[in-house]
Amino acid sequence: MRTNPTIPLKAISAILALSISLPTISSAASMNNQVLTPASNIQIDSDRSEQIVPLRAVVEMLGGEVLWDETSSTVSVKYLGHTLSLKIGSNKAVSDGKAITMPSAAQLVEKRTHITLQALNEALGITIGWDEQSQAIIVDKMDLTSKVTAFIASALGSSNISSTQYFSANLGSVATAERIDYFFRNATGQLGSFKGITSLTTDKTIVHENVRLALAFEKGEVPFVLRFNHGSEIDDFLLDLSAATKLEGYKLPSYANPQAYTEKEVMVGEGRWALPGTLTLPAGEGPHPVVVLVHGSGANDRDEWLGVLKPFSDLAAGLASQGIAVLRYEKRSLEYAAQLSLLPNLTMKEEALDDALTAVKQMSNTEGIDPEQIYVLGHSQGGFMMPRLVEADEDKQIAGTVLMSAPGGSFFDLMEKQFSYLVDLNQMPLQVLEYYKGQFAILKDPNLSTANPPKEYSLGYWFMDLRGYEPAEMAKDQSGKMLILQGGRDYQVMPEQLDIWKENLKDRNDVTYRLYPKLNHFYTEGEGAMSTPNEYLKPGNIPIEVINDISNWVNNSTAK
């Protein structure tokens, strides 16, 4: 569940290997005495027409490419899809296929091409200055594009600047230049040499401004995301391998009634780990009961988007249409992938539990929400950690819990069975299964020292924290309304897990169970006795039966 077993065979080996440790690529020629000047408080003056700058030095610091044709005395520049072609001695140039006139002619100074900074900025769509004394570019504090490309150029070895100078204090406290280098060397070791940036787009949330790149390597393109805080500092980054599993084609379920609810973006928590989320509120003043959604394994977004499925979007629309508010949010391992993975002794608590508890506390003070009717729904890993969440809820703010496809027994035994099934389907290489079997055998050894594990162990502390943890066993001595749901065709969390819950909780009278024989792990229908990863590529929604069961359970709990 720390890896995503639904990814196609061609991608799974690289993803598994990259997910084991995050936290980079040394290659290309280094450039002597080149420093990218920090400019967190500098706004570049718009009048840059007079300054002449060395073309190659500036462009290569930003990760661009400069080509020189000695025969024709022509220089060609490529940068983020922009092109610039100019001739020495002429003030005429061609920028992105269009003729332009520069303030002054391009010239050779000590065998280096120099042009006006104004012309370069306008041609490449950047906002930079130039420090003549240090021979360094100065990036405008709001120019995220230049910061991004300069970071990539440094991290991938084509520039000798510092890769960490634009980091926020939070990211800088854990991500050293050495860790950045290690991260990118891991990536290029599997993907081949870096070829360039093929696309760049931006979007904003209440927490971050995200710059999304496509990084081209020898073996293909990989989505990469840099997250900027409101101070225009790099606050996090990730190789977004999950993007390959997100396909277009999702449609709201037929039972959704958009006139019955509104959605607004909210911030869950504050400070270092603040997360962007969506609160779906039913029409009317309320107060309304609310269900907080907690993700399954992996770096999930607020919709739990996989293939063409968005189960958390289904739940939000379906429950809100029936008068129940829903809070969903980006998982910390997606929003803060680098910071989180670089924490020492990372456990499920830091990855997910703390944020779920924060969301519960926040809902207790949210207008329109009934603080006595806060429910938490955990899917897969989210349900697996539910007994720990209940234990951590010292103020007893959780009125009840819903567990969807939640493992009840040994995590390690479940993963072995899941991976074995994928090997049988030719969806996972046998060597991956054997690797995890070996790692789990180490973890199951009662004599294992977590402080000094054997050198063969490489999974990290997250897995060690789960030794001896069986959620159904822990829930025996707890109380509070529970609704446990299970898909009958779920290969990730098999139906036998429901039996584990039933056996352990047989003496509790506050637990309700539902088994849906036709449904898979993401609660859509398919054919055959057991589902396969390919089902997640087919459009579908959580059936209204499931929505009704959750809604009725919440309303019955409310009535009591």
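See the structure above.
Scoring rules and cut-offs
Residues numbered from 1 in each chain as written. Predicted model: local features only at pLDDT ≥ 70, side-chain atom pairs only at ≥ 80, totals over all residues. Heavy atoms only, no water. Helix = DSSP H or I, 4+ residues; strand = E, 2+ residues; numbered from the N terminus. Buried < 20%, exposed > 50% of the residue type's maximum accessible area, 1.4 Å probe, protein only. Areas by Shrake-Rupley, 256 points an atom, 1.4 Å probe, with all protein chains shown as cover. Core = buried A, V, L, I, M, F, W, Y, C linked by side-chain atoms within 4.5 Å. Salt bridge = Lys/Arg side-chain N within 4 Å of Asp/Glu carboxyl O. Pairing = 2+ DSSP bridges. Expected span 1.5 Å × (residues − 1). Axes fitted to C-alpha atoms, helices over the stretch in contact; angles between N-to-C directions. Contact = heavy atoms within 4.5 Å. Phe/Tyr/Trp six-rings, centres within 6.5 Å; stacked < 30°, edge-to-face > 60°.

**Some thoughts on the overall build of the protein**
Counting its regular elements, the protein contains 18 helices and 22 strands. Here the protein, with 560 residues, has 55% of them falling under the buried criterion. When the accessible surface of the protein is totalled, it reaches about 23,700 Å², and 48% of it is carbon and sulfur.

**Comments concerning the nonpolar core**
Within the largest apolar cluster, 71 residues are counted, with the highest numbers of intra-cluster contacts made by Leu 327, Tyr 329, Leu 443, Phe 463 and Trp 501. The biggest single contributor to this core is helix H10 (residues 348-363), with 8 residues. Of all hydrophobic cores here, the second largest spans 58 residues; its members include Ile 115, Ile 128, Phe 151 and Ala 187.

**Some words on the pattern of salt bridges**
Summed over the entire model, instances satisfying the criterion amount to 20 salt bridges. One salt bridge connects Arg 56 with Glu 60, and the closest N-O pair in it is separated by 3.1 Å. Placement of the pair is Arg 56 and Glu 60 together in helix H2 (residues 55-61), with a separation of 4 residues, close to one helical turn. According to the relative accessible area criterion, Arg 56 is partly exposed, its value standing at 37%. The partner of Asp 413 in a salt bridge is Lys 444, and the shortest N-O contact between them spans 2.7 Å. Here Asp 413 is found in helix H13 (residues 411-424), whereas its partner Lys 444 is found in helix H14 (residues 430-444), with 31 residues between them in sequence. Residue classification places Asp 413 among the partly exposed positions, given a relative accessible area of 39%. Shared partners join several salt bridges into a network, and the residues in it are Glu 263, Asp 303 and Arg 328.

**Some words on the pairing of strand E21 (residues 481-487)**
Burial of E21 is extensive: 6 of the 7 residues sit out of reach of the surface. Across 5 bridges, strand E20 (residues 400-404) lies against E21 in parallel orientation. Within the sheet, the bridge partner assigned to Gly 400 lies in E21 and is Lys 481. Bridge count between E21 and strand E22 (residues 511-516): 6 bridges; the pairing is parallel. In the sheet register, Ile 484 faces E22, and the bridge partner there is Tyr 513.

**Thoughts on H10**
One turn of an α-helix holds 3.6 residues; hence residues three or four places apart share an orientation. Along its 16 residues, H10 runs 22 Å from first to last C-alpha, staying within 8% of the 22 Å computed at 1.5 Å per residue. All of the buried residues along H10 are Met 348, Glu 351, Ala 352, Leu 353, Asp 355, Ala 356, Leu 357, Ala 359, Val 360 and Met 363.

**Concerning unusual backbone geometry**
Between Gly 286 and the following residue, Pro 287, the backbone shows a cis peptide bond with an omega angle of 5°. If you trace the backbone, Pro 287 turns up in the loop between strand E16 (275-282) and strand E17 (288-294). Of note, Asp 96 is a non-glycine position whose phi angle comes to about 50°, a positive value. Relative to the elements of secondary structure, Asp 96 occurs in the loop between strand E5 (92-95) and strand E6 (98-101). Overall, the relative accessible area of 37% leaves Asp 96 in the partly exposed class. Positive phi outside glycine occurs at Asn 426, with the angle close to 60°. The residue Asn 426 is located in the loop between H13 and H14 in this model. The exposure class of Asn 426 is exposed, given its relative accessible area of 57%.

**As for the sheet that holds E21**
Pairing within the open sheet is mixed, and its 8 strands lie in the order E15-E16-E18-E17-E19-E20-E21-E22. Lying at the two open borders of the sheet, with one neighbouring strand each, are strand E15 (261-268) and E22. When strand polarity is set aside, the average angle formed by the axes of neighbouring strands in this sheet is 20°. Both E17 and strand E18 (residues 325-329) contribute to a ladder of 3 bridges, which runs parallel. Among the inter-strand pairings, Val 290 is bridged to a residue of E18, identified as Ala 325.

**Re the sheet that holds strand E1 (residues 52-54)**
One key point about sheets: their strands pair by backbone hydrogen bonds, in either a parallel or an antiparallel sense. One open sheet accounts for 3 strands, arranged E1-E8-E7; its pairing is antiparallel. The strands lining the two open edges of the sheet, one partner per strand, are E1 and strand E7 (107-109). Between one strand axis and the next, the sheet turns by 45° as a mean value, whatever way the strands run. On the sheet, helix H3 (residues 117-124) packs against E1 and strand E8 (112-116) and is oriented at approximately 85° with respect to E8.

**Some details on the pairing of E18**
Summarising burial for E18: 5 of the 5 residues are buried, a large majority. Burial along E18 is two-sided: the residues Ala 325, Leu 327 and Tyr 329 and Val 326 and Arg 328 are all buried. By the bridge criterion, 4 bridges tie E16 to E18 in an arrangement that is antiparallel. Counterpart to Leu 279 in the pairing with E18 is Leu 327.

**Points about the environment of Leu 275**
Counting through the fold element by element, Leu 275 comes out in strand E16. Along the chain, Leu 275 and Arg 302 lie 27 residues apart, while their C-alpha atoms are 9.9 Å from each other. Residue contacts for Leu 275: discarding those within four places in its chain leaves Val 207, Val 266, Met 267, Val 268, Tyr 329, Glu 330, Lys 331, Arg 332, Glu 335, Tyr 336 and Asp 355.

**Concerning the environment of Ala 155**
Within the secondary structure, Ala 155 sits in helix H4 (residues 144-155). Exposure remark for Ala 155: the relative accessible area of 4% places this residue in the buried category. Taking the C-alpha atoms as reference points, Ala 155 and Phe 183, separated by 28 residues in sequence, lie 9.0 Å from one another.

**Digging into the environment of Ile 374**
Mapped onto the elements of the fold, Ile 374 is located in strand E19 (residues 369-379). Excluding anything up to four places from it in sequence, Ile 374 contacts Val 290, Val 292, Val 360, Met 363, Ser 364, Gln 397, Ile 398, Ala 399 and Gly 400.

**Quick notes on the packing of aromatic side chains**
For any two aromatic rings, the description comes down to two numbers: the centre-to-centre distance and the angle of the planes. Considering all chains together, one arrives at 25 aromatic pairs under this definition. Judged by centre distance (5.9 Å) and plane angle (55°), the ring pair of Phe 411 and Phe 463 falls under tilted. One end of the pair, Phe 411, is in helix H13; the other, Phe 463, is in helix H15 (residues 461-464), with 52 residues separating them in the sequence. When the centroid spacing of 5.2 Å and the interplanar angle of 35° are considered together, the rings of Phe 412 and Phe 440 count as tilted.

It is worth stressing that arrangement in space is one thing and function is another; only the former is reported here.
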